[in-house]
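Each chain, letter by letter, is given below.
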Amino acid sequence: MIALEFPPVNEVLRWKDLFPSFNKIALICVAAALIGSLIFLLAGRKDHKTAPKGVRNFAESIVEFIENGIVMQTMGRDGLGWTPFLLSTFVFIYLCNVPGVIPLLQMPATARMALPLFLSLLVWVVFIGTGFKHQGLGYLKNSLFPPGVPKALYILVTPIEFISTFLVRPFSLTVRLFANMLAGHILLVTFAVLSKALFQAEGNPALIPMGVLPLFMLIFLTAFEVLVAFLQAYIFTILAAVYIGGAAHPEH
Amino acid sequence: MEALAALAAVTGDELKAAEAASSAGFAYGLAAIGPGIGIGYLVGKSVEAMARQPEAAGMVRTTMFLGIAFTEALALIGFVVFILIGL
């Protein structure tokens, strides 16, 4: 038979600490923050009169994507001031996701709960702060007592609105990012373990060539994870934009 | 008779582990049904809308991703429950 043994979760998700309380995930986070800032610092240093090329061209295409693909679609012209915040969120999350498919690193930093939780709490604070800044205390009135609802229904609507706006939003933002990346990581581990077990199968030589099948699946899933890494960063950013836009402009 | 004797030999801890494993499977399987139908329907309708009105494709795509994100959350909570009780 084949020796198929799934490694314990702690081994899949946790590395030895590089220094006390500083492990590989912290390293990926720091690297993501540094690489992201470095790209945009390099791009911003170039001469502004000549046509953009190289790293500046690349940075400009990312900014354009955030402006046209996220801000304009969800907040309109007034939201363009939010571009820096959304841009840095997007770039940081993407750079934390993408080590999941880079050989040797093979771990998305967002597959641990702490980082997505911190980011979504940040978004939570930002959108509630925006609501109070733009509407004052009317923000609470507009979000808890939506206009156009019959008075008697407020008994039902207000608790639902409170839970869905103030409690579920940060939770679902966290779980969406975290669980997607964790699921992808565990899928990759599963197929890698299966393929290794089949290649090293003893007793039945017919099993050895079968190891190619999970290997192809692994390659396909790696390509899929490249897409997921981008898509999750995009979805997190666009939801942050929707929440902020909704807090800045009350629904009528 | 033999099967019954084997069943009687199962200790409480083993039974608990077996229950956890099977209910973890059920939890994820059940959680995947609704979002599966929902996302299929959502994307199908979006493709229909994009085919009918290609100039509105950008707007439809953004809304589609938002809808997918909200629908998918249920399946992902199911996945987290699966991890919590299964592993």
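Nothing here was measured: the structure is a model prediction, and the numbers come from that model.

Draft legend 1. Structural context of the overall build of chain B. Scanning chain B from terminus to terminus reveals 3 helices and 0 strands. Taken from N to C terminus, the helices and strands of chain B fall in the order α-α-α. Its C-alpha atoms give chain B a radius of gyration of 21 Å, more than 25% over the compact-globule value 12 Å for 87 residues. In chain B, which comprises 87 residues, the share counted as buried stands at 10%. Residue pairs in contact within chain B that sit at least 24 positions apart in sequence constitute 82% of those at least 6 positions apart.

Draft legend 2. Geometry of the confidence of the model for chain B. Across chain B, the average pLDDT comes to 85, with 91% of residues at or above 70. The ipTM assigned to the predicted complex is 0.72, against a pTM of 0.86.

Draft legend 3. Quick look at the nonpolar core. Residues and elements named next belong to chain A. Ranked by size, the top nonpolar core spans 51 residues in total, and within it Leu86 and Ala241 carry the most contacts. Looking at this core, the element that brings in the most residues is helix α9 (residues 212-248), giving 12 residues. Other than its neighbours up to four places away in sequence, Ala241 contacts Ile70, Val71, Thr74, Met75, Gly79, Trp82 and Leu86.

Draft legend 4. Local environment of the interface of chain A and chain B. Opposite the 12 residues of chain A that make contact, chain B presents 12 residues. Elements with a minimum of two residues in the side of chain A that touches chain B: α7 (154-199) and α9 of chain A. The element contributing the most residues to the side of chain A that touches chain B is α7(A), with 6 residues. By residue class, the composition of the side of chain A that touches chain B is 8 nonpolar, 3 polar and 1 charged.

Draft legend 5. Main features of the environment of Asp17(A). All names here are of chain A. Mapped onto the fold, Asp17 is located in the loop between α1 (9-13) and α2 (24-45). When the 11 C-beta atoms within 10 Å are taken as the criterion, Asp17 is described as exposed. Taking C-alpha positions, Asp17 is 41 Å from Gly131, a pair spaced 114 residues apart along the chain. Setting aside anything within four residues of it in sequence, one finds Asp17 in contact with Phe22 and Asn23.

Draft legend 6. Layout of the packing of helix α5 (residues 114-135) of chain A against α9(A). Residues and elements named next belong to chain A. Two elements in contact, α5 and α9, have axes separated by 7 Å at closest approach and are oriented at 20°. Put simply, α5 runs roughly parallel to α9. When you trace α5 past α9, the crossing you get is right-handed. Facing α5, whose interface residues are Val123, Val126, Phe127, Ile128, Thr130, Gly131 and His134, α9 presents Ala240, Tyr243, Ile244, Ala247 and Ala248.

Draft legend 7. Fine view of the packing of helix α3 (residues 55-74) of chain A against helix α4 (residues 83-97) of chain A. Residues and elements named next belong to chain A. Two elements in contact, α3 and α4, have axes separated by 10 Å at closest approach and are oriented at 110°. Classed by the angle they form, the pair α3 and α4 counts as roughly perpendicular. Between α3, through Ile62, Val63, Ile66, Glu67, Ile70 and Val71, and α4, the contact on the second element is made entirely by Thr83, Leu86, Leu87, Phe90 and Val91. For the contact of α3 with α4, the class distribution of residues is 9 nonpolar, 1 polar and 1 charged.

About the cut-offs
- Residues numbered from 1 in each chain as written.
- Chains lettered and ligands numbered in written order.
- Predicted model: local features only at pLDDT ≥ 70, side-chain atom pairs only at ≥ 80, totals over all residues.
- Helix = DSSP H or I, 4+ residues; strand = E, 2+ residues; numbered from the N terminus.
- Rg over C-alpha atoms; globule rule 2.2 N^0.38 Å.
- Buried ≥ 20, exposed ≤ 12 C-beta atoms within 10 Å, placed from the backbone.
- Contact = placed C-beta atoms within 7 Å.
- pLDDT = per-residue confidence, 0-100.
- Core = buried A, V, L, I, M, F, W, Y, C linked by C-beta atoms within 7 Å.
- Nonpolar A, V, L, I, M, F, W, Y, C, P; charged D, E, K, R; others polar.
- Axes fitted to C-alpha atoms, helices over the stretch in contact; angles between N-to-C directions.
- Parallel < 35°, antiparallel > 145°, perpendicular 65-115°, else oblique.
- Left-handed = near helix turned anticlockwise from the far one by under 90°.

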